[in-house]
Amino acid sequence: MKRENEHKEYCEQDILDQISRMSEDTEVPDSLRSENIDKLLEKKKQKKHFRPYQIGLVAAACVAVVAGTVVWQYGRMHEGAINSPDVSGGNAGSSAGNSNTVKKISDSKKIRTAQSYDEIYKYIKRSQDNSGIAMYARSVNETAAVEDSASTGRSTASSKETASADTGVATADGSYSQTNVRQSGVDEGDIAKTDGTYLYVREDNGRTIDIVDVGNSGTNIEKYSEITLGKEYTIQEFYVNTDQKKLVAVCQKECADKSNKKQTNTDTWNQTKTAAVTYDIRDIKKPVKEGEVTQSGTYNSSRMADGYLYLFSEYYTGGDVVKDKPVTYVPLVNGKEMSQTSICLPPVNCGTMYEVISSVDISKPDKTVDNKAILSEGGQMYVSGKNIYYYESEWQQDNQTVTTLRKISYRKGKLKAVAQGKVKGYLNDTFSLDEYKGNLRLFTTNDDENLVTILDKKLDKISSIENLAKGESIYSARFMKEAGYFVTYEQVDPLFSVDLSNPEKPKILGKLKIPGFSEYLHFYGEDKLLGIGMSTDEESGVSEGVKITMFDITDRTDVKEESTLVLDDLYGTNAAYDYKSVLADQQKNRIGFSGYSQNGETYCLLTYNGKEKKFETILKEEIKGKTSQGIRGIYIEDTLYVISGNIIEAYDMDTGKKTGDIIL
């Protein structure tokens, strides 16, 4: 977030309060009593390494299960998300003593849409009352899976399909860097961007985007102009569309007027909206607001493709729903409640939260093109070049997990519910699944095993490989065309290479074991794979510093560790959970990231000497100032700009020499 996609602190207390109210009369299952949790953690801690931010998620997930609801984003956790022997639709609650934790998952391959507001209301109320919801059967309003016009069977290839390698950060003719995105061709918002002439930087106040003239190679940096929004806005990310000369600020918008609360009869946190505010920046000195759209809920993420913005938020219904007032339990888009036929019902027992999607043509930024909402328990998403996949992990008995998937296609702003499915195990993050030639490939962990699974366009299983790396968990993954790579961890770092060229018969080609683990993988050209992670002692598993690895993947059957650099004065990086913070540009041959040391945060800039097969350090500087919004390294021509909140420092990318700075 994301993880592709992270929740903000200001909404957490409201959600915890809601959980507390819901859990007052709920009996704690034996499996979640404190003494049993202690035993579970004691059993697991010898072989797994929790990151600091994961510990909070484990605790939150346990509280959420007790309350009869599930907190978002536990799919990242290496020990938390757990799957089910009922994955093929077995009898829920069949295991004595664990029936409260077993969830039967619908076998329907189609997404059911609501027929009326009354149906949605009853669905939500049953969930809130914790009385259970009978799993729905197929019905006449289930949305049929999209069929390819040239084929009705499983997708292997289409003459119209193009499948470019997802190699990471894109460049515009090599003269300036762009945001490190998950999917090539699909842009993502960020807190700092450039158009090759100016830097655009969100200030720490969260309301201002500064437009910065970098002068001559950073020697004369000055603020050129700014965009400042009202106090009710908090800018989460923004886009700069150079073709249309637009800047789109994606914001959290607090709407707390008393009359609105009285009218809607909703709780305070439901007054939060997500907004997209578009500016014309043809006159860079005087940006002009062109339009704004809003939708219910806290900001989750966004994407931009072909001039259309896709906006994602998470909307909690709250406790005060009123049957004859859909506005109290149905998301609003531009102030109007969504139609019932735009709301997709879930494949499991849940119904108190929506994933809301709206699309906006940025040339007409005051209205939406289309919208959808998915009743959910919270999860994550992956956006390919054609489809949006929502996935969430359902905890089951016996340390098992089922991950449910729902697929929404998008094209020129139009959204269509396509299919739903399920797989064994949980996904480490959004890099653990990938669409290629219509098929979806996934790397999952289920209890003490790992799996490779391939689904077709309807999310029916084509094939799988199971029982991989017993006792280990997937820490990172990456796909390129017909190959996939994933790293598991126990005390050493096995890097698996997988041949996915035949969807019917995926094959494990190689397995390289080295000390430590890679938390983030990034293709560095066609025959190199960059790993950023941690070095650990092979016997004790104790961390020995940040580890940068270059893998030679020329021969997928014999992957080699070509070079390694250990930064023993750093104890972690942001790369694992904030991939936008990584600058990895093979064309420019520069690798940039921030790491943590005893003195604070340090920015590192490396290059890779392919002839001598070694990393060379250009820059390793302590970052000035403190910020909660993350560090970015952006280059224009041969100058690197390290951005930390309101501070920008410029460095020569060849020598590492500082050339200028500014405090905004």
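The structure displayed is predicted, hence computed values, not measured ones.

### Comments concerning the overall build of the protein chain
- Looking only at helices and strands, one finds five helices and 44 strands in the protein chain.
- Looking at the protein chain as a whole, 61% of its 664 residues qualify as buried.

### Quick look at the side chain of Thr274
- When you line up the elements, Thr274 lands in strand E11 (residues 272–280).
- Here the side chain of Thr274 touches Gly297 through a polar contact of 2.9 Å, landing on its backbone oxygen.
- Reaching out from Thr274, the side chain makes a polar contact with the backbone nitrogen of Tyr299 at a distance of 3.1 Å.
- Thr274 has contacts with Val250, Cys251, Gln252, Val293, Thr294, Gln295, Gly297, Thr298, Tyr299, Leu311 and Ser313, leaving out every residue within four places of it along the chain.

### Description of the pattern of salt bridges
- Under the defined criterion, the tally for this structure stands at 36 salt bridges.
- Two residues, Arg303 and Glu188, come together in a salt bridge whose shortest N-O distance is 4.0 Å. Pair noted here: Arg303 is in strand E13 (residues 298–305) and Glu188 is in the loop between strand E4 (176–177) and strand E5 (192–194), with a separation of 115 residues, a long-range link.
- A relative accessible area of 2% places Arg303 in the buried class.

### Structural notes on the nonpolar core
- If you look at the biggest cluster of nonpolar residues, it comprises 25 residues, and the most contacted ones within it are Leu530, Ile532, Ile548, Ile591, Phe593 and Phe615.
- Listed by contribution, the elements that provide at least two residues to this core are strand E32 (517–523), strand E33 (528–536), strand E34 (543–552), strand E35 (560–567), strand E38 (590–597) and strand E39 (600–609).
- Filtering out sequence-adjacent residues up to four positions away, Phe593 remains in contact with Ile532, Val546, Ile548, Leu567, Thr573, Ser581, Thr602, Tyr603, Cys604 and Leu606.

### A short note on helix H4 (residues 117–128)
- For H4, built from 12 residues, the straight-helix expectation of 16 Å at 1.5 Å per residue is met to within 8% by its first-to-last C-alpha distance of 16 Å.
- Buried within H4 are the following residues: Glu119, Ile120, Tyr121, Tyr123, Ile124, Ser127 and Gln128.
- Tucked into the core, H4 has its buried residues touching strand E1 (111–112), strand E17 (343–344), strand E18 (353–361) and strand E19 (370–376).

### Remarks on the confidence of the model for the protein chain
- Taken as a whole, the protein chain shows an average pLDDT of 80; of its residues, 74% reach a score of 70 or greater.
- Low pLDDT, under 50, characterises residues 131–165; the stretch is placed with 81 contacts to residues that sit more than four places away or in other chains.

### Quick notes on the environment of Tyr485
- Structurally, Tyr485 is set in strand E29 (residues 483–489).
- As a C-alpha pair, Tyr485 and Leu529 span 44 residues in sequence and 9.2 Å in three-dimensional space.

### Considerations on the environment of Val212
- Looking at where Val212 falls in the secondary structure, it is placed in strand E7 (residues 208–213).
- Given a relative accessible area of 0%, Val212 falls into the buried group.
- Separated by 12 residues in sequence, Val212 and Tyr224 place their C-alpha atoms 5.2 Å apart.
- In contact with Val212, not counting residues within four places along its chain, are Tyr198, Leu199, Ile221, Glu222, Lys223, Tyr224, Ile648 and Leu664.

### Here we look at the pairing of strand E43 (residues 647–652)
- Within E43, five of the six residues are buried, leaving the element largely enclosed by the surrounding structure.
- With six bridges connecting them, strand E42 (residues 639–644) and E43 associate as antiparallel partners. Each residue of the ladder has a partner; that of Thr639, found in E43, is Asp652.
- Count of turn residues in the E42/E43 antiparallel hairpin: two residues, of which Gly645 carries a positive phi of about 60°.
- Of the pairings in the sheet, the one linking E43 to strand E44 (residues 658–663) comprises five bridges and is antiparallel in character. Bridge pairing links Ala650 to Gly660 in E44.
- A loop of five residues connects E43 with E44, the two strands running antiparallel in sequence, and Gly656 in this loop sits at a positive phi of about 80°.

### Focus: the sheet that holds E18
- The strand order E13-E14-E18-E19-E17 describes an open sheet built from five strands, whose pairing is mixed. The open sheet has two edge strands, E13 and E17, and neither has a second partner.
- Note that E17 and E19 share two bridges and pair parallel. Opposite Ile343, over in E19, you have Ala373 as the bridge partner.

Procedures and definitions
Residues numbered from 1 in each chain as written. Predicted model: local features only at pLDDT ≥ 70, side-chain atom pairs only at ≥ 80, totals over all residues. Heavy atoms only, no water. Helix = DSSP H or I, 4+ residues; strand = E, 2+ residues; numbered from the N terminus. Buried < 20%, exposed > 50% of the residue type's maximum accessible area, 1.4 Å probe, protein only. Polar contact = N/O pair within 3.5 Å; in protein donor to acceptor, adjacent residues only side chain to side chain. Contact = heavy atoms within 4.5 Å. Salt bridge = Lys/Arg side-chain N within 4 Å of Asp/Glu carboxyl O. Core = buried A, V, L, I, M, F, W, Y, C linked by side-chain atoms within 4.5 Å. Expected span 1.5 Å × (residues − 1). pLDDT = per-residue confidence, 0-100. Pairing = 2+ DSSP bridges.

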